[in-house]
Every structure is written in C-alpha cells, then in structure tokens.
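# Report on the structure
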Amino acid sequence: MSSETDDEFYDRAHAHLRVAHDHAAEAPRGQVSASMMYACARFNVWVSAENKSSPEELRKAYGKTIEYFVAQYRKMLVKNLDDYVDNFDQYA
C-alpha cells in the first residue's frame, strides 16, 4: 500500500468521479456516495489481502490496515474540504 501519488493519480480519481456523477444523475447523491465508499472499502480490502498468505495473516494486520486507510481517508477528506471551502463560489 502506497500513499505516494504517481503521474496518473488524479486521472484515475477523476475517472471514478465521472462514474459517480453519472450515477448521481439517476440516484440520490447520498446513495451514490455510500456505494462509492463501499466499493472503495471493498477494493482496499482486496489490495490489503493480496500480499497475505492466509486469513490468519490478514486478521493479524486488521488493526494496522484499518488505521492506515482511515488515516489516509481523513487526510484526503480534510484536504478536499479545505479546497471546497476556499473555492466554494467556483464549485457550488
């Protein structure tokens, strides 16, 4: 698991946002958000499990895995909230 961003980081993120916006045209935004968070959590568990050799090894990493992803999400959420506050008139 890497917290480094590569050259395509924002391209991938924007691709996910386009999918979410497409879904938001037909479903309530809160439901789209919940689906995105579920998908993100599911994908992150898959990424975390791919280098483990057993369920026991994955379970041993349970706390560290949760701490890592929650901390990363918190940083990204704060960064995006700050950006939205600073550019509210442009984004709203």
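Heads up: the structure comes first, above all this text.
All values derive from a computational prediction rather than experimental measurement.

## With respect to the pattern of salt bridges
Tallied over the full model, the rule gives one salt bridge. Here Arg12 ties to Asp6 by a salt bridge, and the two come within 2.8 Å at their closest N and O atoms. Accessibility expressed as a relative area gives 39% for Asp6, which makes it partly exposed.

## Concerning the packing of aromatic side chains
Tallying each qualifying case throughout the model produces five aromatic pairs. The interplanar angle of 85° and the centroid separation of 4.8 Å between the aromatic rings of Phe9 and Tyr10 together place this pair among those described as edge-to-face. With 5.0 Å between their ring centres and 80° between their planes, Tyr68 and Phe69 make a pair best called edge-to-face. A network of ring pairs unites the aromatic residues Tyr84, Phe88 and Tyr91 as a single cluster.

Definitions and cut-offs
- Residues numbered from 1 in each chain as written.
- Predicted model: local features only at pLDDT ≥ 70, side-chain atom pairs only at ≥ 80, totals over all residues.
- Heavy atoms only, no water.
- Salt bridge = Lys/Arg side-chain N within 4 Å of Asp/Glu carboxyl O.
- Buried < 20%, exposed > 50% of the residue type's maximum accessible area, 1.4 Å probe, protein only.
- Phe/Tyr/Trp six-rings, centres within 6.5 Å; stacked < 30°, edge-to-face > 60°.

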